[in-house]
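Each chain, written out:
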Amino acid sequence: GGIPDAGPLRGEPIVPVVVLHDADDAHPLADALVAGGIRCAEITLRTAAGIDAIRALRDRGDILVGAGTVVDPDQVDAVVEAGAAFAVSPGFDADVVDRCAERGLPIVPGVATASDIQAALRRGLRYLKLFPAGLVGGLAAVRAFAGPFPDVRFLPSGGVSAANAAEYLADPAVFAVSGSWMVPADALRAGDWDAVERLSRAAQT
Ligand code: 3PG
């Protein structure tokens, strides 16, 4: 057995953290991300539209769609049924991780401490979201954790921006970065897909 850790996310360097208020926005949003060169999206369950947005995008072949803010084992079942390709959690919850293992859903749990990392490693997970990355020390935290945990690969999130994404990605302990800087709340609310496309393209330079 074992958990398919990070799974398909390992091939995607930039993961947008998306908060949608209307599932009808899912396709225009995905079009804008793809046009800007981003091929994955973490659709959060922070809004009721999240699950429907995941379901709406499940059969698009051009973007890998997962669920974010998965904090309860029952949400794991819901996102699997909606077609999510991966799950991300803000923190480490063994029940959520175990349900993902049962359902075969790749999970990237959040960690902020050495204890969290040990709990994840014990469950066989080494691709971990560092959250909130900026507040726990940014790149200095990545480097400090890489000492005792050389096999761990991090997804820093929280405070990542166009200004520091490349610096994070250059660190060998970082497998990808995530955040909302290319999908800002005001642009999503306004349906400003041109802004999402432009910020997505800029995120990669
Ligand atoms: C997350 O869930 O990873 C964060 O909401 C992203 O943080 P950011 O808004 O600072 O990018």
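How each quantity is defined
Residues numbered from 1 in each chain as written. Predicted model: local features only at pLDDT ≥ 70, side-chain atom pairs only at ≥ 80, totals over all residues. Heavy atoms only, no water. Pairing = 2+ DSSP bridges. Helix = DSSP H or I, 4+ residues; strand = E, 2+ residues; numbered from the N terminus. Contact = heavy atoms within 4.5 Å. Axes fitted to C-alpha atoms, helices over the stretch in contact; angles between N-to-C directions. Salt bridge = Lys/Arg side-chain N within 4 Å of Asp/Glu carboxyl O. Buried < 20%, exposed > 50% of the residue type's maximum accessible area, 1.4 Å probe, protein only. Near = heavy atom within 4 Å. Polar contact = N/O pair within 3.5 Å; in protein donor to acceptor, adjacent residues only side chain to side chain. Areas by Shrake-Rupley, 256 points an atom, 1.4 Å probe, with all protein chains shown as cover. Nonpolar A, V, L, I, M, F, W, Y, C, P; charged D, E, K, R; others polar. pLDDT = per-residue confidence, 0-100. Parallel < 35°, antiparallel > 145°, perpendicular 65-115°, else oblique. Disulfide = S-S within 2.5 Å.

(A) Structural view of the sheet that holds strand β8 (residues 153–156). One open sheet accounts for 3 strands, arranged β6-β7-β8; its pairing is parallel. Taken across any chain shown, the strands that pair with only one partner, and hence form the sheet edges, are β6 (110–111) and β8. Inspection of the sheet shows β6 paired to strand β7 (residues 127–130) by 2 bridges, in the parallel sense. By the bridge assignment, glycine 110 is partnered in β7 with lysine 129. Lying on the sheet, helix α6 (residues 138–146) is in contact with β7 and β8; it crosses β7 at an angle near 145°.

(B) Quick look at the pattern of salt bridges. For the structure on display, the rule yields 10 salt bridges. Arginine 99 is the partner of aspartate 74 in a salt bridge, and the nearest nitrogen-oxygen pair spans 3.5 Å. Of this pair, aspartate 74 sits in helix α3 (residues 73–82) while arginine 99 sits in helix α4 (residues 94–103), and the two are 25 residues apart along the sequence. Take aspartate 74: its relative accessible area is 53%, and that puts it in the exposed class. Aspartate 77 is the salt-bridge partner of arginine 99, the closest N and O atoms lying 2.6 Å from each other. Within this pair, whereas arginine 99 is found in helix α4, its partner aspartate 77 is found in helix α3, the two being separated by 22 residues in sequence.

(C) Summary view of the pairing of strand β3 (residues 64–68). Counting buried residues along β3, 5 of its 5 residues qualify, which places the element largely inside the surrounding structure. Taking every second residue as pointing to the same face, both faces of β3 are buried, with Leu64, Gly66 and Gly68 on one and Val65 and Ala67 on the other. Note that strand β2 (residues 40–44) and β3 share 5 bridges and pair parallel. Each residue of the ladder has a partner; that of alanine 41, found in β3, is valine 65.

(D) Geometry of the site of the ligand. Surveying the vicinity of the ligand reveals the residues Val17, Arg46, Lys129, Phe131, Ser157, Gly158, Gly159, Gly179 and Ser180. Here an oxygen atom of the ligand sits 2.5 Å away from a polar atom, N or O, in the side chain of arginine 46. A distance of 2.6 Å separates an oxygen atom of the ligand from a polar side-chain atom of lysine 129. When the free accessible area of the ligand is taken as 310 Å², the share hidden by the protein chains comes to 78%. Classifying every residue of the shell around the ligand by side-chain character gives 2 nonpolar, 5 polar and 2 charged.

(E) Quick look at the confidence of the model for the chain. Per-residue confidence for the chain averages 95 on the pLDDT scale, and 98% of its residues sit at or above 70. For this predicted complex, the interface confidence score (ipTM) comes to 0.93, while the overall pTM stands at 0.95.

(F) The arrangement of the packing of helix α2 (residues 49–57) against α3 in detail. Across the interface, α2 lies against α3 with an axial gap of 8 Å and an inter-helix angle of 30°. By the angle between their directions, the pair α2 and α3 is classed as roughly parallel. Of the residues in α3, those touching α2 at Ile51, Ile54 and Arg55 are Ala78, Val79 and Ala82. Within the contact of α2 with α3, the residues separate by chemical class into 5 nonpolar, no polar and 1 charged.

(G) Spotlight on α3. If you check which residues of α3 are buried, you get Pro73, Val76, Asp77, Val79 and Ala82. Close packing links the buried residues of α3 with α2, β3 and α4. Capping the start of α3 is the job of one residue whose side-chain oxygen sits 2.7 Å from the backbone nitrogen of aspartate 74: aspartate 72. Note on α3: the residue one or two positions beyond its end, glycine 83, has a positive phi of about 100°.

(H) Molecular detail of the state of the cysteines. Scanning the entire structure with this criterion turns up 0 disulfides. In this structure cysteine 40 is not part of a disulfide, and its nearest cysteine sulfur, from cysteine 100, lies 17 Å away.

(I) Representation of the environment of isoleucine 107 within the structure. With respect to the helices and strands, isoleucine 107 occurs in strand β5 (residues 107–108). Isoleucine 107 sits in the buried class, given a relative accessible area of 0%.

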